[in-house]
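Chain by chain, the residues run as shown.
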Amino acid sequence: MKTKGLKRLVGVGVLGALGLSACGEKNEQAQAPAVGGGTKEVALKAPADQPAVEAAPAADLTAVAQATGFAKYLPATTQAYAGVFDGKGFLDGLRGSALVQLFEEQVQDNGDPDFSLENLEEVPEAQMAVALLGEEIFLGVGQGAPLQTTNLVGINESTTRHWAKFIVKMGEANLSGEGEFGNDPSALMMPLVAGILGDPKAGIGSLEKAQMPPVTIGFKISDEDMRGQLFETVAQGIGAMLEEVGPDGEGFAEAINVERAGSKFTGLKIVGEKLVAALPPDVKEGLAQFLDAATVDKLIGILESKDLVLAVGVHDNYLVGFTGSSADELQIAGSPAESILSRPEAAFMKSYAGKKLLGLMTISKELQESITKEASLFGSLAAGLREGLAETKVFGDTQDIEALLELVVEQERGLLSMQSYTPSGVVAFLEDGLKIEGHGGSTMPELDLDTPRNYAGLAEGEGVFLFANQVASRDYLEKGFEYLDTLGQTAYLGAKQAARMQVPDAPGDLEDFQGGFAMFDEKIRPHLLELWSGLRGDLVSGLGNEGAILVDLGGEFPTVPGLPQLVVDEGKAPRLALLALARDKEKLKSSWVNVDKALNGILKVISEMTGENIPMQKPMSSEKNELKTWFFPFPFQSDDFVLNVSVDEKNVYASTSKSFVQALSAKMEEGEVDPAAKGAYFKVDFTALNDYVNGWLKLLEDNKDEIFGEGSPDAEDFMEGLPIAKQVLAAFGEVKGITGHIR
């Protein structure tokens, strides 16, 4: 009974993966036959919205085809692919690791002394799961994906725009005395529904051309008996569905049988016309409450034109599932040169064919562009609010707000238009540990990938735990700040407009807001503008394009009162430093003048509100060679533990340690820029972290009586947990670090 239940569960799970919703226009020239109608082969052509793909020489792809499994069978019209390889082998490797051994020991010590991951292999349910997932899993999204993604993004943006406009209408209804949703809720909803359906980028037009691309999913199962067993489970599940909705049930589906490359596939097709005919009458009546008769008829006609196909079969050693709008879209490539491996986004795989692959993902340039081409951050929201405000006078004169909302749309589109893409791929493989490498994709307009990084050499310093370094694009940065400026101005003017509105019988919270805003506008706003000017204007202008973050673990421990002297003398603390190039020191000085003046003004306002004088603290300074440091004094600080800002001849630093900055400045003065050190770089060294924690454990263990007190319960608790702590650290010692490099 248990195995039978699992079979059903696996069947449902696979069906769920295969049964992705896929509705598309009918293909009258090539309809798959019903059961008993035989099989046929269908030639598949690239749609007009996608460029043809040149086939690569077969000899170039032999090794890649062998390494990437089913990818060689996916047609060259495939727009996105993901494959996971040798999951069982990877898990077997993990099982011998110290981390997994630690896990097993913890389970054994906490109530299950016989627990072992190896024993799970004897469980039939686990065997079936391993058979399904242990060798290879793949997913392919086929032709038409870019067009349909653009379509879906357009629908989402249109809905956002019209919903924002609808919100303005709701506010108008409230202020005009028509109630929370107006006297006639359906009348208020009508413009929203009609606007969406009438939008060329959404609504009826989008629904007419909607066609989800074909999706193919599969699993490599070398065991013939297990493969056949799982196929029967899935096929029986489809058969059960057909009994409910097929000719002998609801009557809106029919069976299909097709053959591809000598492999047979079986499934069902939900026929749009028959589905519409089976709908209860109240569905059309419900639509008529919000839509006119002509629109309802169009929607019904669109639904009638859509079909859904679901099929399953076995090809080679793979259990393969398919969903799409037509059985004609189910294709098996005749050779690697006709497969997705011949596409530009898979070209990089020639360098990895001989490696131990764990995963591979590719995505076409066209599909990447379709995701972002029509998308917005706040643009659609701003456009909807502007359109709504332009159609009403109940909020007063809103022309300035409308102009800013339009500017938000323009500036955002300018920022997003800087983004471009190249064919993209990501590969994961085992080589001295797990490695993940990406190729192509976004051109990263926010980064300057051609300028060598001045701070690259700091990554290799002793005890460095975290290092991140990049060069920003000045053009993108400026446009981004202009966009933020406009968003801030828009929000302020909107709040100001609400604060000065005269609303009869206004609720108490509106009166509170208006009073609070008046105080903010008079007393706090001028100082915030001055602060923003110092940061947004002079500071940004004074800093260069390159920046870095550095955390090391070699700092002195702060002299906190109450700590044992031994901890202060020998303990180590993390140190943080932020670095940036000094572009214009006069601008940096001006920035601090404005910031200091603004903070003094804000503190004065706070003092007036609280009745307690809060003076602005004066920074202290020190100078060593060309490095000048400013800091605010506080208790138990030291040279290695003090918040500070420092400037030398070429760099600006913000850090938790003055001595750390001095060491970095000296290293920067001695170092030379590596012309090959380009792009954005990120590194986390877990070895350094492991050494740091082990150092603390050794200090506490060797001096437990002096630190905790002789005979202290805290010392006993520490010594009791110490073996487990060491075991955990030893296990995590296998994890060396993470490195990322965008170039």
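None of the values given here were measured: they were computed from a predicted structure. (Residues numbered from 1 in each chain as written. Predicted model: local features only at pLDDT ≥ 70, side-chain atom pairs only at ≥ 80, totals over all residues. Heavy atoms only, no water.)

**Considerations on the pairing of strand β13 (residues 543-556)**
Next, step 1: Relative to β13, strand β12 (residues 464-471) runs antiparallel, the two being bridged by seven bridges. Counted as the bridge partner of Val471 is Glu546 from β13.
Next, step 2: Taken together, the nine bridges between β13 and strand β14 (residues 572-582) define a ladder with antiparallel strand orientation. Looking across to β14, one finds that Ala548 is bridged to Leu579. (Pairing = 2+ DSSP bridges. Helix = DSSP H or I, 4+ residues; strand = E, 2+ residues; numbered from the N terminus.)

**Quick look at the pattern of salt bridges**
Next, step 1: Per the stated rule, a full pass over the model turns up 27 salt bridges.
Next, step 2: With its nearest N and O atoms 2.9 Å apart, the salt bridge here joins Glu391 to Lys165. With Glu391 in the loop between α14 (379-390) and α15 (399-416) and Lys165 in helix α6 (residues 145-175), this pair connects stretches of sequence that are 226 residues apart.
Next, step 3: Here Glu391 falls in the partly exposed class, since its relative accessible area comes to 44%.
Next, step 4: A salt bridge links Glu431 to Lys435, with the nearest nitrogen and oxygen atoms 3.3 Å apart.
Next, step 5: Among the residues examined, Lys435 registers a relative accessible area of 30% and is labelled partly exposed.
Next, step 6: Salt bridges here are not isolated pairs; linked through shared partners, they connect Lys165, Lys169, Glu172 and Glu391. (Salt bridge = Lys/Arg side-chain N within 4 Å of Asp/Glu carboxyl O. Buried < 20%, exposed > 50% of the residue type's maximum accessible area, 1.4 Å probe, protein only.)

**A closer look at the nonpolar core**
Next, step 1: Within the largest apolar cluster, 31 residues are counted, with the highest numbers of intra-cluster contacts made by Phe70, Tyr81, Met349 and Val427.
Next, step 2: Mapped by element, the contributors of at least two residues to this core are α2 (58-67), β2 (80-85), β5 (253-260), β7 (306-315), β8 (318-324), β9 (356-363) and β10 (421-430).
Next, step 3: Look past the residues within four positions of Met349 in its chain and what remains in contact with it is Val64, Thr68, Leu357, Leu360 and Val427. (Core = buried A, V, L, I, M, F, W, Y, C linked by side-chain atoms within 4.5 Å. Contact = heavy atoms within 4.5 Å.)

**Here's the deal with the sheet that holds strand β16 (residues 627-631)**
Next, step 1: Strand order in the open sheet made by the nine strands is β15-β16-β17-β18-β14-β13-β12-β19-β20, with antiparallel pairing throughout. Of all the strands in the sheet, just β15 (620-624) and β20 (737-742) have a single pairing partner and so form its edges. Averaged over all neighbouring strand pairs, the angle between strand axes comes to 15°, with direction disregarded.
Next, step 2: Each of β13, β14, β15, β16, β17 (644-647) and β18 (651-655) is contacted by helix α20 (residues 658-670), which is oriented at about 155° to β18, the strand it contacts most.
Next, step 3: Across the sheet, helix α21 (residues 686-702) is in contact with β12, β13, β14, β19 (680-685) and β20; its angle to β19 comes to roughly 30°. (Axes fitted to C-alpha atoms, helices over the stretch in contact; angles between N-to-C directions.)

**Topic: a nonpolar patch on the surface**
Next, step 1: On the surface, a nonpolar cluster with roughly 290 Å² of combined accessible area is contributed by Leu377, Phe378 and Leu381.
Next, step 2: Position of Phe378 relative to the elements: it lies in the loop between α13 (365-372) and α14.
Next, step 3: Taking relative accessible area as the criterion, Phe378 reaches 41% and is therefore assigned partly exposed. (Patch = residues over 30% accessible without salt bridge, like charges linked within 9 Å, V, L, I, M, F, W, Y side chains within 5 Å. Areas by Shrake-Rupley, 256 points an atom, 1.4 Å probe, with all protein chains shown as cover.)

The values are spatial; any link to function lies outside them.
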